Amino acid sequence: GDSGNVSSQEWVKTVVMPHIQACRDSPNSKQRLLSLKMVEIILANGLCHSGCKITTIDNSASSENTLVRQHLKILSALSSDNTANVRLNVGRVSCNVIGTLGVQDLKFMIDILEEQAQKEKSRPFGGDRDVHFYGKKARKLAQEHLKTVN
């Protein structure tokens, strides 16, 4: 029922999110990859749909304060990781969760992916081809999905 959804959101916010953030900040690239996998599983399974607001200090709730947005910010933080395998997995995870996102979160994700593409091009030798491949695939899917939800 709905109460199960509320408790799963609370669980994600209070238990899982701190672990995801710790993995994101780890010097070990496997831990950073784990944070991406956790984001993917949570978003793909709808454990924090777009309506789940995180209340700020002034009790405001906006699309920037949803649990979904907090997970997308993990993708953003890792989109310019020093390890190419982490960066390419940002694109792969994005491809797998695009269908679960609302309009504002899709636009936010597109911004993340476009910024990643620009940064990747500026890397030595034009960046990693797999990062470009998955990023391009994710951008295309996100743009197509945006047309269907707009």
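Residues numbered from 1 in each chain as written. Predicted model: local features only at pLDDT ≥ 70, side-chain atom pairs only at ≥ 80, totals over all residues. Heavy atoms only, no water.

## Overview of the overall build of the protein
Here's step 1: When helices and strands are counted, the protein shows six helices and zero strands.
Here's step 2: Going from the N terminus to the C terminus, the protein shows its helices and strands as α-α-α-α-α-α.
Here's step 3: For the protein, buried positions account for 38% of its 150 residues.
Here's step 4: Across the protein, the fraction of contacts at a sequence separation of at least 24, relative to all contacts at a separation of at least 6, is 66%. (Helix = DSSP H or I, 4+ residues; strand = E, 2+ residues; numbered from the N terminus. Buried < 20%, exposed > 50% of the residue type's maximum accessible area, 1.4 Å probe, protein only. Contact = heavy atoms within 4.5 Å.)

## Concerning the packing of aromatic side chains
Here's step 1: On inspection of all chains with the given rule, the structure shows one aromatic pair.
Here's step 2: Relative to Tyr134, the ring of Phe133 lies with its centre 5.0 Å away and its plane at 85°, an arrangement referred to as edge-to-face.
Here's step 3: Looking at Arg69, its charged tip hangs above the ring of Phe108, at a distance of 4.2 Å from the centre.
Here's step 4: The side chain of Arg92 reaches across the aromatic face of Tyr134, ending 5.8 Å from its centre. (Phe/Tyr/Trp six-rings, centres within 6.5 Å; stacked < 30°, edge-to-face > 60°. Lys NZ or Arg CZ within 6 Å of the ring centre and 35° of its normal.)

## With respect to the packing of helix α3 (residues 67-78) against helix α5 (residues 103-121)
Here's step 1: One can describe the packing of α3 onto α5 by two numbers: an axis separation of 10 Å at closest approach and a directional angle of 10°. Judged on the interaxial angle alone, α5 and α3 are roughly parallel. Facing Val68, Arg69, Leu72, Lys73, Leu75 and Ser76 of α3, the residues of α5 in contact are Gln104, Asp105, Phe108, Met109 and Ile112.
Here's step 2: The residue inventory of the contact of α3 with α5, partitioned by class, reads six nonpolar, two polar and three charged. (Axes fitted to C-alpha atoms, helices over the stretch in contact; angles between N-to-C directions. Parallel < 35°, antiparallel > 145°, perpendicular 65-115°, else oblique. Nonpolar A, V, L, I, M, F, W, Y, C, P; charged D, E, K, R; others polar.)

## Side note on the environment of Leu47
Here's step 1: By the element assignment, Leu47 lies in the loop between α2 (29-44) and α3.
Here's step 2: Counting along the chain gives 35 residues from Leu47 to Val12, while the straight-line C-alpha distance between them is 7.4 Å.
Here's step 3: What Leu47 contacts, discounting residues up to four positions off in sequence, is Ser8, Gln9, Trp11, Val12 and Ile42.

## Overview of the environment of Ser7
Here's step 1: As for its placement among the helices and strands, Ser7 is situated in helix α1 (residues 2-24).
Here's step 2: Accessibility expressed as a relative area gives 44% for Ser7, which makes it partly exposed.
Here's step 3: Between the C-alpha atoms of Ser7 and Leu47, which are 40 residues apart in sequence, the distance is 9.6 Å.

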